[in-house]
Every structure is written in C-alpha cells, then in structure tokens.
Protein chains: 2
Amino acid sequence: MTYCVGLLLDAGIVLLSDTRTNAGLDNIATYRKMFTFANDGERVVAIMTAGSLSVTQTTLARLTEAAEDQDADESRSILKAPSMLKVAELVGQTLSDVTAEVSGKMDRMRQAASASMIVAGQRRGGPMRLFLIYPEGNFIEATSDTPYLQIGEHKYGKPILDRVITPGTPLADAEKAVLLSMDSTLRSNLSVGMPLDLAVIEADALRITRQRRIEASDEGFARMSRAWSDALRDAFQKIDPV
Amino acid sequence: MTYCVGLLLDAGIVLLSDTRTNAGLDNIATYRKMFTFANDGERVVAIMTAGSLSVTQTTLARLTEAAEDQDADESRSILKAPSMLKVAELVGQTLSDVTAEVSGKMDRMRQAASASMIVAGQRRGGPMRLFLIYPEGNFIEATSDTPYLQIGEHKYGKPILDRVITPGTPLADAEKAVLLSMDSTLRSNLSVGMPLDLAVIEADALRITRQRRIEASDEGFARMSRAWSDALRDAFQKIDPV
C-alpha cells in the first residue's frame, strides 16, 4: 500500500508521500510516489500516486513524455493546460486510459489493477488547487471545509489531521502535522514505509518552494516521532478517567 | 460498520463496543454489540460482534438459547464448555454455521454476508483469554506481545493502543485508552456511533466487574473527549519541527 497526504492551506500546499511498494508481503521495494513538474514563475504541478505500480508508472511516464515534448499542445501537456482544472482532467484521462488498458490484460487472469492520485499546484494568475483523482479518472477537490486529501492507507493518520488542520494552519505546523500523520501510519501499518518525500509549494511562488527526502536514518524525524510518542503518553496520563 | 476493542491485561479484561448499525448510509440504527454470559464465581464470557446484523443476531440467539437451556450439554452451552478454548470453538462453529446458511441465501442475489466476533472470559481454575473469531469460524488469541484485539473499523483507533497498552497497564488507564481509541474512531468515521458499551472483567473475579452504557449525552465522556483534543493540540504545538 501507500500513504500520501496533501494539504491546501492559505499559506500554500504541503505534500507528503511514503515510498513503499509491495507485491505480496514478501516482495517489498522502494519507489518514489511524488513527482513534480515546474515552469518556475509560470506554473508548478505535483502528483502523488497510490495503487498498482504498473498503472502509476505508465501514467506518469506518459504525462512526463508529453510535458517534455516541446510540440505537445495544451490538450496533452500538464505544463501547458490552461488551468489546474484542465491539468486534473488531463491526469484523470491519462489514468483512466492506462487503467483500462492494463485492466484489459488483467481481466484474462481474473485480476484487476487500479490507482489513484493526488494532483496539486498553481498556474500564474490562478488559485492553488488540490485534487484527488479516482481510478476511473473522475476527481474531487479540496475546499476550505476539508482542506486535505489522502490516498492509500488513510485511516491511521486521519485523526491528527481532523484535529489540527484548518486553512489558516501555518506551513511549519502543516509540515509537522503531515509528518505526525505519517508517523502514526508507519507505526501501525507495515505496508507504508520510509523514506518519505516532502514538498511545500508556497502560495503564489509558482515553484516548488522546498522539497526533501526524509531517510529512515533521519535524526530529526526520529526525534519528532519520539517526542510525539512521549507527548501522547504524557497527555494520556493527564486525562481524567470518565 | 462497527468498532469493538478488547484488552487482555494482567489486571483483567476491558471491552468496549459502539452500537451503530447501518444498511446503507440512509438507514442507521442502534443495536447492542456486546453480550455477556455469567455464572458468577464459576465463569464469565463476553462476546462482541461486527458484521452483518442478520448473521450476528442469529449466532447470538443460538448461543443464548443453548446457554439458557438446562438440558444443553458442554458441547452446546458456552456456560458449560470445559475451557475458554472450547467456548471460542463453540462460538466459531456457530458463527461458521450461521454464515454458511445466510450466505447460501445471499448467493442467489450475488451478495455476501459475514461477521466477526471477539470472545473474552475466564472459567474457574483457568486463565483469562481473549479471542478474535473470523467469519470462517477459525480464530486467533491475544497474547502478552499483542494484548489487544479489534474488529470493525480498527485503523483510526489503533495508534493510541499501540502506544500505551502493555499487559501491565492498570485497568483505569486501560478504560481511558479504549475510550480514547473509540473517540478517534467516532470522530473520523460516521459508521461508528454512540452510545457505547463498556465492560470490565477483573482477573479471577469470574463475573462482570463493571458494565455501563455511555450515552451520547454523557458529560464525562464529552469532557474526556475535549480534554484529549486539547491535550493533543497542546502536545502538537510543543513538538519541534523536523
């Protein structure tokens, strides 16, 4: 499985993904699930993926090929599409096409393959937007009522987001929140694993403001994880029984 | 859906269940999911249920009928079976039989019905035991390495259990932990709902030591829920960023 989370805040977009893939429990590997496309000062797009690796890789390969093709027009390139809505539609259409092709092969084996994606970004003159693309290619969008979207193993890490994230959350707190949401998921579910990819897109920056990979050996993350465990245990001790 | 959790601790067994059932999102009702059987001083058995209501009700009705039947022998009555292992086998066999019968009817409509259960208790002269019965009737047992079992919507409430529960956890802390585990689940998943049923079986008491229903209007639970939210937010603010 996978855990990816995206926040759409007044101050910007915060994205976090894990990197574990598995074909059964005995075949585990590390694959990047976060992909960024930027034409700095003009537009920035980030995509996170969950689901069958054959579907997500082919989808991303096609999107990347079109984005790098100077001759691709706005109907094919996510770096040229005239709005973030069109970017989401383009990603959705590509995902839907690839899923249908792969599923055609899988059907013969009575198996299925699917994937979902989070698409985030901003183009010059437009608002920041954050979409969740379903395997069928349709999508939903984050709003101020629900300023976050998740794909993959979303349940373990949802309570912390429900409690602390609002559109007004500052970026530093938002980074902490997604990392702690991931920490809960890592702890409770083996199918989600380090390293992590974190990206921040500040509002109107029109580029990836900050991007880093957090390795399993990262001392800062380990310290935060321990501090959160200790803080939870302290908080737990202080709560009066019912 | 449902959320039920059981803890097997040195000091005793702690059980908590919600009461929400739904047939679709537009047909929600309240049904008890925790059932207790006791012959005080001799044995105590508690069962919690998750899954298709038609399966869980029929299974419990058969188990109850046999337990109340003075003529039922140890092969049919969970109040007479010679060990907690035999109790788990009897519940598993009944669940398996009922599931097969109901599934036979459902198959014709291309639908399926299944359920899982948690069985906990102690008989005089034996240890406390806690089992999770799968829809097929087989089961697993809690151990000191993993002293808790969950059925239903288990993911939201797992992180707090993973962090605070060990076999040595005192009963008062254990009650808090299951209530906070439920609180996280209630907050993040509409298919789990108040009121709650809580039961405690102290070690070697051989009876239900304490049992209470916590209504949606319960001020103690509301206060704990608010205090936990506040404590989480405070703890969150105190964590240093990575």
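This report concerns the structure included in the present document. The model shown is predicted, which means the values in this text are computed figures rather than measured ones.

Here the focus is the overall build of chain A. What chain A contains, in helices and strands, is five helices and twelve strands. Against the globule reference of 18 Å for 242 residues, chain A gives a C-alpha radius of gyration of 18 Å, in line with a compact fold. Taken over 242 residues, chain A has a buried fraction of 54%. Nonlocal contacts in chain A, meaning residues at least 24 apart in sequence, comprise 60% of its contacts between residues at least 6 apart. Where the 27 positive side-chain charges of chain A centre and where its 32 negative ones centre are 3 Å apart.

Moving on, we come to the packing of aromatic side chains. Per the stated rule, a full pass over the model turns up two aromatic pairs over all chains. When the ring of Phe131(A) is compared with that of Phe139(A), the centres are 5.4 Å apart and the planes differ by 80°; the resulting orientation is edge-to-face. Accessibility expressed as a relative area gives 0% for Phe131(A), which makes it buried. In this structure, Lys176(A) is placed above the aromatic ring of Phe236(B), and the distance from its NZ or CZ to the ring centre is 4.6 Å.

Right, let's talk about the pairing of strand S2 (residues 12–17) of chain B for a bit. All names here are of chain B. A large share of S2 lies buried, amounting to six of its six residues. Here S2 shows a buried face lined by Gly12, Val14 and Leu16 and a second buried face lined by Ile13, Leu15 and Ser17. Two elements, strand S1 (residues 3–9) and S2, share six bridges in a ladder whose sense is antiparallel. Each residue of the ladder has a partner; that of leucine 7, found in S2, is valine 14. Where S1 folds back on S2, the antiparallel hairpin that results is connected by two residues. Pairing geometry for S2 and strand S11 (residues 196–202), over six bridges, is antiparallel. In the sheet register, leucine 16 faces S11, and the bridge partner there is leucine 198.

Okay, the relation of the copies chain A and chain B next. You can overlay chain A on chain B at an RMSD of 0.0 Å; the transform is a turn of 180° with a shift of 0.0 Å along its axis. Such a combination of turn and shift is consistent with a two-fold rotation axis. The rotation axis passes nearest to the C-alpha of Tyr156(A) in chain A, at a distance of 2.3 Å. Comparing contact sets, 100% of the residues at the interface of chain A also lie at the interface in chain B, consistent with an isologous, same-surface contact.

Inspection of every chain in the model, using the stated rule, returns 28 salt bridges over all chains. Glu153(A) serves as the salt-bridge partner of Lys155(B), at 2.9 Å between the closest nitrogen and oxygen. Of the two residues, Lys155(B) sits in the loop between strand S10 (148–152) and helix H3 (158–164) while Glu153(A) sits in the loop between strand S10 (148–152) and helix H3 (158–164), which places them in two different chains. By relative accessible area, which is 8% here, Glu153(A) ends up buried. In this structure, the salt-bridge partner of Arg212(B) is Asp218(B), at a minimum N-O distance of 3.1 Å. Taken together, the shared-partner salt bridges in this structure form one network comprising Arg32(A), Asp197(A) and Arg213(A).

Looking now at the interface of chain A and chain B. Taken residue by residue, the interface counts 37 residues in chain A and 37 residues in chain B. Both sides together, the interface formed by chain A and chain B hides about 3,500 Å², and carbon and sulfur atoms give 65% of it. Together, Arg163(A), Phe236(A) and Val242(A) form the three largest contributors to the area buried by chain A at its contact with chain B, with a combined 26%. Joining chain A to chain B, the criterion identifies four salt bridges. Salt-bridge contacts for Arg163(A) lead to Asp183(B); the nearest nitrogen and oxygen are separated by 2.9 Å. At the level of elements, H3, helix H4 (171–188) and helix H5 (219–238) of chain A are the ones that each hand at least two residues to the side of chain A that touches chain B. With twelve residues, the single largest contributor to the side of chain A that touches chain B is H5(A). Broken down by class, the residue content of the side of chain A that touches chain B amounts to 18 nonpolar, six polar and 13 charged.

Right, let's talk about the nonpolar core for a bit. Counting 66 residues, the largest nonpolar core has Leu7(A), Leu196(A), Trp228(A), Leu7(B), Leu196(B) and Trp228(B) as its most contacted members. In this view, Leu7(A) contacts Gly12(A), Ile13(A), Val14(A), Leu130(A), Pro147(A), Tyr148(A), Leu161(A), Ile165(A), Ala174(A) and Val178(A); residues no more than four positions away in its chain are not counted.

Inspection of the secondary structure assignment puts Ser229(A) in helix H5. In terms of polar contacts, Ser229(A) uses its side chain to reach the side chain of Arg187(A), at 3.1 Å. Leave out the neighbours within four places in its chain, and Ser229(A) touches Arg187(A) and Arg163(B).

The next subject is the sheet that holds strand S7 (residues 115–123) of chain B. The strands making up a sheet associate through backbone hydrogen bonding, with each pair oriented either parallel or antiparallel. All names here are of chain B. If you trace the five strands from one edge of the open sheet to the other, you get S5-S6-S7-S8-S9, paired in antiparallel fashion. Strand pairing shows two members of the sheet lacking a second neighbour, strand S5 (34–39) and strand S9 (139–141), which therefore form its edges. Averaged over neighbouring strand pairs, the angle between their axes works out to 20° when direction is ignored. When S5 meets strand S6 (residues 43–51), the two strands line up antiparallel, connected through six bridges. Looking across to S6, one finds that asparagine 39 is bridged to arginine 43. This element, helix H1 (residues 53–68), spans S5, S6 and S7 of the sheet and lies at about 165° to S6. The strands touched by helix H2 (residues 84–107) are S6, S7, strand S8 (129–133) and S9; relative to S7, the strand with the most contacts, the crossing angle is about 155°.

Conventions adopted
Residues numbered from 1 in each chain as written. Chains lettered and ligands numbered in written order. Predicted model: local features only at pLDDT ≥ 70, side-chain atom pairs only at ≥ 80, totals over all residues. Heavy atoms only, no water. Helix = DSSP H or I, 4+ residues; strand = E, 2+ residues; numbered from the N terminus. Rg over C-alpha atoms; globule rule 2.2 N^0.38 Å. Buried < 20%, exposed > 50% of the residue type's maximum accessible area, 1.4 Å probe, protein only. Contact = heavy atoms within 4.5 Å. Lys, Arg positive; Asp, Glu negative; His and termini not counted. Charge placed at Lys NZ, Arg CZ, Asp CG, Glu CD. Phe/Tyr/Trp six-rings, centres within 6.5 Å; stacked < 30°, edge-to-face > 60°. Lys NZ or Arg CZ within 6 Å of the ring centre and 35° of its normal. Pairing = 2+ DSSP bridges. Least-squares fit on C-alpha atoms with pLDDT ≥ 70 in both. Salt bridge = Lys/Arg side-chain N within 4 Å of Asp/Glu carboxyl O. Buried area = accessible area lost by both parts, 1.4 Å probe. Nonpolar A, V, L, I, M, F, W, Y, C, P; charged D, E, K, R; others polar. Core = buried A, V, L, I, M, F, W, Y, C linked by side-chain atoms within 4.5 Å. Polar contact = N/O pair within 3.5 Å; in protein donor to acceptor, adjacent residues only side chain to side chain. Axes fitted to C-alpha atoms, helices over the stretch in contact; angles between N-to-C directions.

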